[in-house]
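Residue strings, one per chain:
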Amino acid sequence: MLSSSDFASASWELVVRVDNPNEEEQKDITLRVSGDLHIGGVMLKLVEQINIRRAEELSLLKPSGEYFKKKKKKEKNNKEPIIEDILNLEGSPTISGPSVSPGLYSKTMTPTYDPINGTPASSTMTWFSDSPLTEQNCSILAFSQPPQSPEALADMYQARSLADKAKLNAGWLDSSRSLMEQGIQEDERLLLRFKYYTFFDLNPKYDAVRINQLYEQARWAILLEEIDCTEEEMLIFAALQYHISKLSLSTEIQDFTNESEVDEVEAALSNLEVTLEGGKADNTLEDITDIPKLADNLRLFRPKKLILKAFKQYWFVFKDTSIAYFKNKELEQGEPVEKLNLRGCEVVPDVNVAGRKFGIKLLIPVADGMNEVYLRCDHESQYAQWMAACILASKGKTMADSSYQPEVLNILSFLKMKNRNSASQVASGLENMDLNPECFVSPRCAKKHKSKQLAACILEAHQNVAQMPLVEAKLRFIQAWQSLPEFGLTYYLVRFKGSKKDDILGISYNRLIRIDATTGIPITTWRFTNMKQWNVNWEIRQVAIEFDQNVSIAFTCLSADCKVVHEYIGGYIFLSTRSKDQNETLDEDLFHKLTGGQEAI
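Criteria and cut-off values
- Residues numbered from 1 in each chain as written.
- Predicted model: local features only at pLDDT ≥ 70, side-chain atom pairs only at ≥ 80, totals over all residues.
- Heavy atoms only, no water.
- Core = buried A, V, L, I, M, F, W, Y, C linked by side-chain atoms within 4.5 Å.
- Buried < 20%, exposed > 50% of the residue type's maximum accessible area, 1.4 Å probe, protein only.
- Helix = DSSP H or I, 4+ residues; strand = E, 2+ residues; numbered from the N terminus.
- Axes fitted to C-alpha atoms, helices over the stretch in contact; angles between N-to-C directions.
- Parallel < 35°, antiparallel > 145°, perpendicular 65-115°, else oblique.
- Contact = heavy atoms within 4.5 Å.
- Nonpolar A, V, L, I, M, F, W, Y, C, P; charged D, E, K, R; others polar.
- Lys, Arg positive; Asp, Glu negative; His and termini not counted.
- Salt bridge = Lys/Arg side-chain N within 4 Å of Asp/Glu carboxyl O.
- Polar contact = N/O pair within 3.5 Å; in protein donor to acceptor, adjacent residues only side chain to side chain.

Here we look at the nonpolar core
For step 1, the next point in the chain: Counting 101 residues, the largest nonpolar core has Trp481, Tyr492, Leu512, Ile545 and Phe555 as its most contacted members.
For step 2, the next point in the chain: Examining the composition of this core, we find that 9 residues originate from one element, helix 7 (residues 231-249), more than from any other.
For step 3, the next point in the chain: Within the second largest apolar cluster, 36 residues are counted, among which are Leu300, Tyr325, Cys345 and Val408.

Given below as structure tokens:
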């Protein structure tokens, strides 16, 4: 029933349809909105209705024309039914429990959730008012969808170049404007996605829906090759998908509720959270003591034209945020051959566990571009320590930071998943029968291998994750996704002021990267921590940014409106202000001040 005041406020009901890829049934979610409610407000209402915390990390994406191109072709030829991205909110697995009365939602309340599947306990259900998900205990969104068929995967659009990826990112809606202002029509499909790759305060006790949606977004990014990975890494992702798929379909999911396994999940989450947040863990007394150092023999290589790739051994010392190397250990107290300052550098893993290759690629910003350096370690432990130190140093942190040891453990854990033991017992024939390997890898990867060979490789990799509980497996998948070199980069095609050619601009949570559009090689990196101000000339649609040391850049956006890029920069700066000491109330005014535009910041 609506009161007279509802009609007097010139508001109306906005119906959002949530679909399911394997069912014909659909579910509608009704939001009461008014004409002056912008997309940011719609997002806040929507994610509250479906139990996802941290609305500021998500947004709505209008897919480009290419996104549905292959599906439309199949529909025209009528060769097979269309597989759509639909989520069924009826007839899905639920957790039984007593009915509850509707009530009001408070973002500052401390909820009580099931520790494994994350569904709200009955006392918490009063949050969800008259949401249609209340009837289902909100559990459906915490369950992974079944794997798509290889045929369906092959029909989906895949971006093949950075320019193609830039087109996919052009459709983010403006958070400060309404749906109608942005030309969104009735029955038009929008994609709910994590727009910002800073997943704050992930907690399996409260965030099963959020973790599952992150897992699904990561899974599709891998399958559709929106992010690059090696074949070895693809098999790890496939093994985790297979494991998660089996557990999601199992009736024994509820067996993973003993305290020890919950502790394992929370420990994995603690490590993951430090990594995803860039090491924002609380400092300990360790941080105010002497800064530790690493010292060991490593091999170094600098790419030069007309010279074959040859590594030379030196004695390396890592302290603070710098690496110095010497001809041998005895010369450590003298002048180094060179000292490398890693603050603001790009750190890229160069690893092949099967081939016993443990390398680190460093792209260090210099006045005229990027200085490329390769380091080679001897074994996993050495690699994990030096890689973790490099990652922290790139963010301006030292090994005294409390996030260093969790970072080392994360790297070792990922290497362990990569370690495929050919002598290990591969699963039984019965288990082999329920594996369709082409469902768990990208179509391009599937074409390189025979089905039986691919299945054997996936099952072999599965041995390293077979004992993981469901939520931990999803967290490990997210962690592996996060460890990829391209993780968190959103691409746009731009033209820098003074340049005669187009470049790719990569936007991450802490930096901007200028990338050669032809080769994909990074040219220059600028850190947000060094940013003094940025503004947009709305008449000529040009973004201008000033950094420390009198560094200024300006560019026009070619693949999207400059407002999209402006909002990305402002959004990441806003997210960097979040703190665990704050309550969960979103500072909407600050968010829209930083992302809304129209004035210099």
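A look at the packing of helix 7 against helix 13 (residues 451-462)
For step 1, the next point in the chain: Running from N to C, helix 7 and helix 13 point in directions that differ by 75 degrees, and their axes come no closer than 8 Å. If you check the angle between helix 7 and helix 13, you find them roughly perpendicular. Between helix 7 and helix 13, the contacting residues are Leu235, Ala238, Ala239, Tyr242 and His243 on the first element and Leu454, Cys457, Ile458, Leu459, Ala461 and His462 on the second.
For step 2, the next point in the chain: When the residues that make up the contact of helix 7 with helix 13 are grouped by side-chain class, the tally is 9 nonpolar, 2 polar and no charged.

Some points on the side chain of Asp164
For step 1, the next point in the chain: Note that Asp164 resides in helix 5 (residues 162-168).
For step 2, the next point in the chain: The buried charged residue Asp164 lacks any salt bridge, with Lys167 as its nearest oppositely charged partner at 4.3 Å.
For step 3, the next point in the chain: A polar contact of 3.2 Å, which involves the side chain of Asp164, links it to the backbone nitrogen of Arg160.
For step 4, the next point in the chain: In this structure, Asp164 is in contact with Tyr157 and Ala159, ignoring residues within four places of it in sequence.

A look at the pattern of salt bridges
For step 1, the next point in the chain: One pass over the full model with this rule turns up 28 salt bridges.
For step 2, the next point in the chain: In this structure, Asp378 and Arg299 form a salt bridge, with 3.4 Å as the shortest nitrogen-oxygen distance. On the criterion of sequence distance, the pair formed by Asp378 in the loop between strand 11 (369-377) and helix 9 (380-394) and Arg299 in strand 5 (residues 293-301) is long-range, its members being 79 residues apart.
For step 3, the next point in the chain: A residue is classified by how much of its surface remains accessible, and Arg299, at 27% relative accessible area, is partly exposed.
For step 4, the next point in the chain: Counted as one network, the salt bridges with shared partners bring together Arg54, Glu56, Glu57, Asp201, Asp207, Arg210 and Arg578.

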